[in-house]
Amino acid sequence: MGKIRLKNIRIHSNHGCLQEEMLIGSDYRVDLEISADLSQPAISDKLSETVDYVHLNNIVKEEMAIRSNLLEHVAKRIIDRILLEIKEVTEIDVEVAKINPPIGGDVESVSVNLRYTR
């Protein structure tokens, strides 16, 4: 087994329950870690035999572009897409963080972390 990590994917999107969040949006950070059997691509050096991190990044960007009220919902959609499209993935850990959230205090970020094992 092995892991592929995409750290600090930065995206601007319009998630949230507040009207201003829906209109002007916020900055987000996504961290993604997947587990898969990477033994064969480690030997063959073939992109076609591994989990392509470009594909993973595209899934994150596309799902983050779809507005949701809750970070939990966005994280679950990212997990569902990866499981649907990339059969080699056996475990996913995704964290979606809203940077500088409008919660009436000096808070750097709020985040939701979901993990799924196939």
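Use the structure listed above.
The structure presented is a predicted model; accordingly, all values stated were derived computationally and were not measured.

Basis of the calculations
Residues numbered from 1 in each chain as written. Predicted model: local features only at pLDDT ≥ 70, side-chain atom pairs only at ≥ 80, totals over all residues. Heavy atoms only, no water. Helix = DSSP H or I, 4+ residues; strand = E, 2+ residues; numbered from the N terminus. Expected span 1.5 Å × (residues − 1). Buried < 20%, exposed > 50% of the residue type's maximum accessible area, 1.4 Å probe, protein only. Arc of directions from axis to C-beta. Axes fitted to C-alpha atoms, helices over the stretch in contact; angles between N-to-C directions. Parallel < 35°, antiparallel > 145°, perpendicular 65-115°, else oblique. Left-handed = near helix turned anticlockwise from the far one by under 90°. Contact = heavy atoms within 4.5 Å. Nonpolar A, V, L, I, M, F, W, Y, C, P; charged D, E, K, R; others polar. Polar contact = N/O pair within 3.5 Å; in protein donor to acceptor, adjacent residues only side chain to side chain.

Re helix H3 (residues 53-64)
Link 1 in the chain: Under the 1.5 Å per step criterion, the end-to-end length of H3 is 16 Å for 12 residues, consistent within 8% with the ideal 16 Å.
Link 2 in the chain: Of the residues making up H3, those classed as buried are Leu56, Ile59, Val60, Glu63 and Met64. An end-on view of H3 places all buried positions within 120° of arc, on one side of the element.

A few points about the packing of H3 against helix H4 (residues 71-85)
Link 1 in the chain: Running from N to C, H3 and H4 cross one another at 140°; their axes reach a closest spacing of 9 Å. Taken together, the axes of H3 and H4 lie oblique to each other. Both H3 and H4 take part in a crossing whose hand is right-handed. On H4, the residues touching His55, Leu56, Ile59, Val60, Glu62, Glu63 and Met64 of H3 are Val74, Arg77, Ile78, Arg81, Ile82 and Glu85.
Link 2 in the chain: Among the residues forming the contact of H3 with H4, the class breakdown is seven nonpolar, one polar and five charged.

Topic: the environment of Ile82
Link 1 in the chain: Looking at where Ile82 falls in the secondary structure, it is placed in helix H4.
Link 2 in the chain: With 68 residues separating them along the chain, Ile82 and Asn14 place their C-alpha atoms 22 Å apart.
Link 3 in the chain: With residues up to four places along the chain from it excluded, the contact list for Ile82 reads Leu32, Leu56, Ile59, Val89 and Ile92.

Here we look at the side chain of Arg29
Link 1 in the chain: When you line up the elements, Arg29 lands in strand S2 (residues 26-36).
Link 2 in the chain: Of the residues examined, Arg29 reaches a relative accessible area of 17% and is grouped as buried.
Link 3 in the chain: Looking at Arg29, its side chain comes within polar contact range of the side chain of Glu95, at 3.4 Å.
Link 4 in the chain: If near-sequence neighbours (up to four positions away) are discounted, Arg29 is found in contact with Asn8, Ile9, Glu95, Val96, Ala97, Ile99 and Ser109.

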